Amino acid sequence: TSWETGPQLSPNGRWLVYQSSEPNSEVEVFVRRFPSSERTYQVSVDGGRSAQWSHDGTEIFYWGVDEAEDSGVAKVVSFSVREGTPVLGRPQTLVPFDISLIGNSANYSVASDGRFLLIKGTPDSLLEKAQALVYPDRIRVATNWRASIR
């Protein structure tokens, strides 16, 4: 089975970047036209998670892994569109970071000048939060909720 998560719309609302375990078991970053889902384009190489757009929509940032160093790396890929088709650059490594910070959702933000703001927690707390989201121990159902807002 495969899954898709972490969707982010481009600043112009025409493209969707997300992570998926499809077409293989490695999690990669993909982009596709929005709202159409006819064709997907692979952004990352050798794994990628937590993709985000630059403020002007010309770059896609994501977390990757540097196998040689056994560390995480922030990566960036240039993005443009020519005749309706995305033109993706080669992934460029920006900066290494603690690999335990890689998650399925974006725990960082990229400022318009390219600086990163990273929400850092202990690896255990991040794992516990992620597991609680994926495998909740309870579900809350709100019934007759319209009456409570009157």
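Quick look at the structure, then. (Residues numbered from 1 in each chain as written. Predicted model: local features only at pLDDT ≥ 70, side-chain atom pairs only at ≥ 80, totals over all residues. Heavy atoms only, no water.)

1. Focus: the overall build of the protein chain
In plain terms, the rule: Counting from the N terminus, the helices are the DSSP runs of H or I reaching at least four residues and the strands are the DSSP runs of E reaching at least two. Any two residues whose heavy atoms approach within 4.5 Å at even a single point are treated as in contact. Accessible surface area values rest on a Shrake-Rupley calculation with a 1.4 Å probe, where residue burial reflects the displayed protein chains alone.
Scanning the protein chain from N- to C-terminus turns up two helices and eleven strands. Moving toward the C terminus, one meets the helices and strands of the protein chain in the order β-β-β-β-β-β-β-β-β-β-β-α-α. Long-range pairs, those at least 24 residues apart, make up 34% of the contacts in the protein chain with a sequence separation of at least 6. For the protein chain, the accessible area works out to roughly 10,200 Å², and carbon and sulfur atoms hold 49% of it.

2. Re the nonpolar core
Just so we agree on the cut-off: Definition used in this section: a nonpolar core is a set of buried Ala, Val, Leu, Ile, Met, Phe, Trp, Tyr and Cys residues joined via side-chain atoms within 4.5 Å. Any residue under 20% of the maximum accessible area for its type is buried, any over 50% is exposed, and the rest in between are partly exposed; the area is computed with a 1.4 Å probe on protein chains only.
The biggest cluster of nonpolar side chains holds twelve residues, and these are Trp-15, Val-17, Val-29, Val-31, Tyr-41, Val-43, Ala-51, Trp-53, Ile-60, Tyr-62, Val-77 and Phe-79. Those elements that place two or more of their residues in this core are strand E2 (15-20), strand E3 (28-33), strand E5 (49-53), strand E6 (59-66) and strand E7 (71-82). Once residues within four sequence positions are removed from consideration, Ala-51 is found in contact with Gln-8, Val-17, Val-29, Ile-60, Phe-61, Tyr-62 and Tyr-108. In terms of nonpolar packing, the next biggest core, distinct from the first, is built from seven residues, Phe-61, Val-76, Phe-97 and Tyr-108 among them.

3. Quick word on the pattern of salt bridges
Heads up, the rule is: For this document, the term salt bridge refers to a Lys or Arg side-chain nitrogen within 4 Å of an Asp or Glu carboxyl oxygen.
By the definition in use, this model includes one salt bridge. The partner of Glu-4 in a salt bridge is Arg-32, with the nearest N and O atoms 3.8 Å apart. Of this pair, Glu-4 sits in strand E1 (residues 4-9) while Arg-32 sits in strand E3, and the two are 28 residues apart along the sequence. You can call Arg-32 buried: its relative accessible area is 16%.

4. As for a nonpolar patch on the surface
Put simply, the rule reads: A patch consists of residues whose relative accessible area exceeds 30% and which take part in no salt bridge; residues with like charges are grouped when within 9 Å of each other, and nonpolar side chains (Val, Leu, Ile, Met, Phe, Trp, Tyr) when within 5 Å.
A cluster of nonpolar side chains, contributed by Leu-94, Val-95 and Phe-116, occupies part of the molecular surface with about 230 Å² of accessible area. By the element assignment, Val-95 lies in strand E9 (residues 92-97).

5. Examining the side chain of Ser-20
As for its position among the elements, Ser-20 is in strand E2. Classification of Ser-20 by relative accessible area gives buried; the value is 2%.

6. Concerning the environment of Ser-71
Locating Ser-71 in the fold gives a position in strand E7. Among the residues examined, Ser-71 registers a relative accessible area of 15% and is labelled buried.

7. Considering the sheet that holds E2
Here is the rule we go by: Here a strand pair is declared whenever DSSP counts at least two bridges between the two strands. Lines are fitted to the C-alpha atoms to define the axes, a helix being fitted only along its stretch in contact, and any angle between axes, read from their N-to-C directions, falls within 0 to 180 degrees.
As summarised here, the arrangement of the four strands in space is E1-E2-E3-E4, forming an open sheet in which the pairing is antiparallel. On the outer flanks of this sheet lie E1 and strand E4 (40-42), each paired with one strand and no other. With direction set aside, neighbouring strand axes in the sheet form an average angle of 30°. Where E2 lies against E3, six bridges are found, and the strand directions are antiparallel. Residue pairing across strands places Tyr-18 opposite Phe-30, the latter belonging to E3.

8. What to know about the side chain of Lys-75
Test applied: Charge counting treats Lys and Arg as positive and Asp and Glu as negative, with His and both chain ends excluded.
With respect to the helices and strands, Lys-75 occurs in strand E7. Of the buried charged residues, Lys-75 lacks a salt bridge, with Asp-46 as the closest side chain of opposite charge at 6.2 Å.

9. Some words on the packing of aromatic side chains
Where we set the bar: Centres within 6.5 Å make a pair out of two Phe, Tyr or Trp rings, where for Trp the six-membered ring is used; the pair is then stacked when the planes are under 30 degrees apart, edge-to-face when over 60, and tilted otherwise.
Evaluation of the coordinates by the stated rule reveals three aromatic pairs. Each ring, one from Trp-15 and one from Phe-79, has its centre 5.6 Å from the other, and the planes form 70°; the classification is edge-to-face. Of this pair, Trp-15 sits in strand E2 while Phe-79 sits in strand E7, and the two are 64 residues apart along the sequence. Taking 6.1 Å as the distance between ring centres and 25° as the angle between the ring planes, the aromatic pair formed by Tyr-18 and Phe-30 counts as stacked. Of this pair, Tyr-18 sits in strand E2 while Phe-30 sits in strand E3, and the two are twelve residues apart along the sequence.

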